[in-house]
Amino acid sequence: MTIWHPTLSGNGPIYRQLAEAIANAIETGELQPGQRLPTHRALADQLSVTVGTVTRAYNEAEHQGWLTARIGAGTYVKEHGLEPGIDWQIRQPNPDRIELWQNLPILQDKHDAFRTAIDALLATPGRINTLMEYSSVNGEQSQREIVCQWLTRYGFDIQQDQLFFSFGSQNGLLLSLMACGAVGETILCEGLTYPGLMTLCHSLRIQLKGLAIDEEGLLPEALEKACQSGNYRTLYPTIHNPTTAIMSLARRQQILAICEKYKIIIIEDDVHGTLPEHRPPALVTLSPQLVIHLGSFAKNSSAGLRVGYMIVPKQLQQAMSIAVRGSSWMITPVMIELTCQWLSTGQADKMLLNQRKILKERGELLRHHFREFNIRYSDGGMHAWLVLPEQWRAQSFVQQADAAGIGLAGGDLFAAGHYPSPHAVRLSISHPVCNTSLDEALVKLKQILKSDPSPHLFI
Ligand SMILES: Cc1ncc(COP(=O)(O)O)c(C=O)c1O
C-alpha cells in the first residue's frame, strides 16, 4: 500500500496545515471514504515532524468531522455520512424539569379564538361543504389574497399566484427540496443550521455542505469558494436558528449576487421572520426570481393548525404544484380557512403581539442574568445562543444542566456536514410555561456556568 503524501500550505502551525491538507484531500477525492490514514509514526517520519504534531492534526481533523479513529485499528476517512435522522420527541410537561431545548410557541389559550373562527365558518351556508372537497393545488384565490394582504403589512409585496400553502415550514422545506430536484444531491447550508433540515435530508438521501458563518450569518467568501469548487444548485439559509444571527441588507445583497452568478436557488427559511419587530428585508423581496421563501403561522399563531406558506418563483411553480400533488394533493382546506379567519379578523396579529410581548420580557431576563457571559439574543427571538466559557464543552454542559433538571440543545446538534461542533448551547426561551420557570432555570444555569465541569462527565 502506498503511503499518502500530504501537501502542506506552508502557512501557520504544522498541525493546522496537516489538518487542512487532510480536509482538502477528502474534498478533492484524493483520500476516499473509509480509507485508512498512515500511522502517526509513519506520517511523522515522512514529514520530519514529531508524532505529537501528527496526533494533534488528526485530532483536529476528527473534531472537524473528517476522520474517525477506531481504537486499536487506526484512523480512517469518515464514510460519506448522511446527516443523523433524529426522531424528535415533544416532551410532556414534567414539574421536576424546565425545558429550554425546543422552540415551541409560548402557550396561549386559543379556545375562544378557535370557537369564533368556527362559528364564522359555519355561518356561511355551504362553505363547510366546499372546504370538505378536494381543492386547487394552492388553496382558493380568496384565501391566497388574505394571506398576501396580511404579508404586505410585514414588508412583503407579492402576487397571489406566487403563493402556495404547506403543512408548516417543515413540510414547506420538503416540498421545496422536491420542487428544486434536490433529492439525492448535496445542498449548501450554514455550517450551523436547523436540525429539522438534517432529519429531512437523512430521509431524502441529501447531503449537506455546511458553510462558514460569522455574527451576521453566512459568509459570502465561503459561499463563493463552494460554488467555484462544486456543482451546487441549492442553498438553505435560516434567520438564524441556532445562532440568532440576522444578515444585514449588505450581506443579503452579496449572497444574492453570488447565487445569481452561479444559478443557485435559495430556500429561505423565514419561519421566525415575523417575530422580530424590526428586521432587514427578506431575500425573496430583494430577488424574487432566485428564492423560494418559507413562512408559517406555527411560531406566531398556532403550531397545531399546521399551516405554512411558500412564495415560489415563476419558473418553479409547476414543479411545486407537482410536489404538492405528489405528496398530499393539497393542504387541508379547513385549516387554511381557519387561519384566514384569524388573519382577516385581526386575531393572528393579537397572537403575534402577545408572543412578541412575552419574548421581550424573557429577553430582558436573559440579558439580566447572562450579562457577564457570551450570550447572543436578537429581539423577538425564540432562542438564545450561549457560547460557553473556556472550561466547558457543549456535551458536558448539557449533561450537567440535565442533572439539574434543565433541558438544553447542545451545539453539536446543529453542525451540518463536516462543520466543527461549537462549544455552545441553544436556550429556547419560548419553551417554559411561564417567566418564573425561565427565571429559575437561568439562575441555575448561571451557577453551572461559573463552576467547573464534574470530572466524571469526561468519558
Ligand atoms: C428554522 C426552522 N424551520 C422550520 C421549523 C418548523 O416550522 P413549522 O412548525 O412551521 O413546520 C422550525 C421550528 O422550530 C425552525 O426553527
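Because the structure is predicted, anything quoted here is derived from the model rather than measured. (Residues numbered from 1 in each chain as written. Predicted model: local features only at pLDDT ≥ 70, side-chain atom pairs only at ≥ 80, totals over all residues.)

**Some remarks on the site of the ligand**
Item 1. Within the structure, the ligand sits among 14 residues, and Gly168, Ser169, Gln170, Ser296 and Ala298 are positioned closest to it.
Item 2. Residue contributions to the shell around the ligand peak at 3 residues, all from helix α7 (residues 168-179).
Item 3. Looking at the shell around the ligand residue by residue, the classes come out as 4 nonpolar, 9 polar and 1 charged. (Near = placed C-beta within 6 Å. Helix = DSSP H or I, 4+ residues; strand = E, 2+ residues; numbered from the N terminus. Nonpolar A, V, L, I, M, F, W, Y, C, P; charged D, E, K, R; others polar.)

**Quick notes on the sheet that holds strand β14 (residues 383-387)**
Item 1. Ordered by their spatial adjacency, 4 strands build an open sheet running β13-β14-β17-β16, and the pairing between neighbours is antiparallel. In this open sheet, the two edge strands, each paired with only one partner strand, are β13 (374-376) and β16 (409-410).
Item 2. On top of the sheet, helix α15 (residues 394-403) reaches β16 and β17 (424-428); it is set at about 40° to β17, its chief contact. (Pairing = 2+ DSSP bridges. Contact = placed C-beta atoms within 7 Å. Axes fitted to C-alpha atoms, helices over the stretch in contact; angles between N-to-C directions.)

**Points about the nonpolar core**
Item 1. Formed by 105 residues in total, the largest nonpolar core has its most connected members in Met310, Met320, Leu408 and Val425.
Item 2. Both of domain 2 (98-105 + 351-457) and domain 3 (111-345) provide at least three residues apiece to this core.
Item 3. Those residues in contact with Met320 that lie beyond four places of it in its chain are Phe164, Leu175, Ala179, Met310 and Val312. (Core = buried A, V, L, I, M, F, W, Y, C linked by C-beta atoms within 7 Å. Buried ≥ 20, exposed ≤ 12 C-beta atoms within 10 Å, placed from the backbone. Domains from an automatic or database assignment.)

**Thoughts on the pairing of strand β4 (residues 163-166)**
Item 1. Residue alternation in β4 divides its side chains into two sets, Leu163 and Phe165 and Phe164 and Ser166, and both sets are buried.
Item 2. Of the pairings in the sheet, the one linking β4 to strand β12 (residues 308-311) comprises 4 bridges and is antiparallel in character. Within β12, the position partnered with Phe165 by the bridge is Tyr309.

**A look at the domain arrangement of the protein chain**
Item 1. Segmenting the protein chain into domains produces domain 1 (14-77), domain 2 (98-105 + 351-457) and domain 3 (111-345).
Item 2. Centre-to-centre, using C-alpha coordinates, domain 1 lies 40 Å away from domain 3.

**Observations concerning the environment of Ala441**
Item 1. Relative to the helices and strands, Ala441 is located in helix α16 (residues 435-450).
Item 2. Each C-alpha atom of the pair Ala441 and Arg97 lies 9.1 Å from the other, and the pair is 344 residues apart in sequence.

**Focus on the environment of Asp161**
Item 1. Note that Asp161 resides in the loop between α6 (141-152) and β4.
Item 2. With 16 residues separating them along the chain, Asp161 and Glu145 place their C-alpha atoms 9.2 Å apart.

**A word on the sheet that holds β4**
Item 1. Here we have 7 strands laid out as an open sheet, ordered β4-β12-β11-β10-β9-β5-β6, and mixed in their pairing. The strands lining the two open edges of the sheet, one partner per strand, are β4 and β6 (207-211). Put simply, the sheet's adjacent strands are angled 25° from each other on average, direction ignored.

**Some thoughts on unusual backbone geometry**
Item 1. Omega for the peptide link from Asn241 to Pro242 comes to 20°, which places this bond in the cis form.
Item 2. Mapped onto the secondary structure, Pro242 falls in the loop between β9 (234-236) and α10 (249-261).
Item 3. Non-glycine residue Arg205 carries a positive phi angle of around 55°.
Item 4. Within the secondary structure layout, Arg205 lies in the loop between α8 (195-204) and β6.
Item 5. Taking the C-beta count within 10 Å as the criterion, Arg205 has 10 such neighbours and is therefore assigned exposed.

**Considering the pairing of strand β11 (residues 291-296)**
Item 1. Of all 6 residues in β11, 6 are buried, a share of seventy percent or more.
Item 2. Burial along β11 is two-sided: the face carrying Val291, His293 and Gly295 and the face carrying Ile292, Leu294 and Ser296 are both buried.
Item 3. In this sheet, β11 lies alongside strand β10 (residues 265-269) in parallel orientation, the contact comprising 4 bridges. Within the sheet, the bridge partner assigned to Glu268 lies in β11 and is His293.
Item 4. As paired elements, β11 and β12 share 4 bridges and run antiparallel to each other. Residue pairing in the sheet places Ser296 in a bridge with Gly308 of β12.

**Quick look at the packing of α7 against α8**
Item 1. Two numbers describe how α7 lies on α8: the axes approach to 11 Å, and their chain directions differ by 40°. Taken together, the axes of α7 and α8 lie oblique to each other. Regarding α7 and α8, the two cross each other, and that crossing is right-handed. Residues Gln170, Leu173, Leu174 and Leu177 of α7 lie in contact with α8, whose contacting residues are Gly196, Leu197, Leu200 and Leu204. (Parallel < 35°, antiparallel > 145°, perpendicular 65-115°, else oblique. Left-handed = near helix turned anticlockwise from the far one by under 90°.)

**Overview of α15**
Item 1. Taken together, the buried positions of α15 are occupied by Ala394, Ser396, Phe397, Val398 and Ala401.
Item 2. Buried residues along α15 sit in contact with β15 (406-407), β16, β17 and α16.
Item 3. Just past α15, the residue Gly405 takes up positive phi, approximately 85°.

**Structural notes on the packing of helix α14 (residues 347-369) against α16**
Item 1. Packing of α14 against α16 leaves a shortest axis separation of 10 Å and a crossing angle of 20°. Overall, the two elements α14 and α16 adopt an arrangement that is roughly parallel. Crossing of α14 against α16: the hand is right-handed. Two secondary-structure elements touch here, α14 through Glu361, Arg362, Leu365, Leu366 and His369 and α16 through Asn435, Leu438, Asp439, Leu442, Val443 and Lys446.
Item 2. When grouped by side-chain class, the residues that make up the contact of α14 with α16 number 5 nonpolar, 2 polar and 4 charged.

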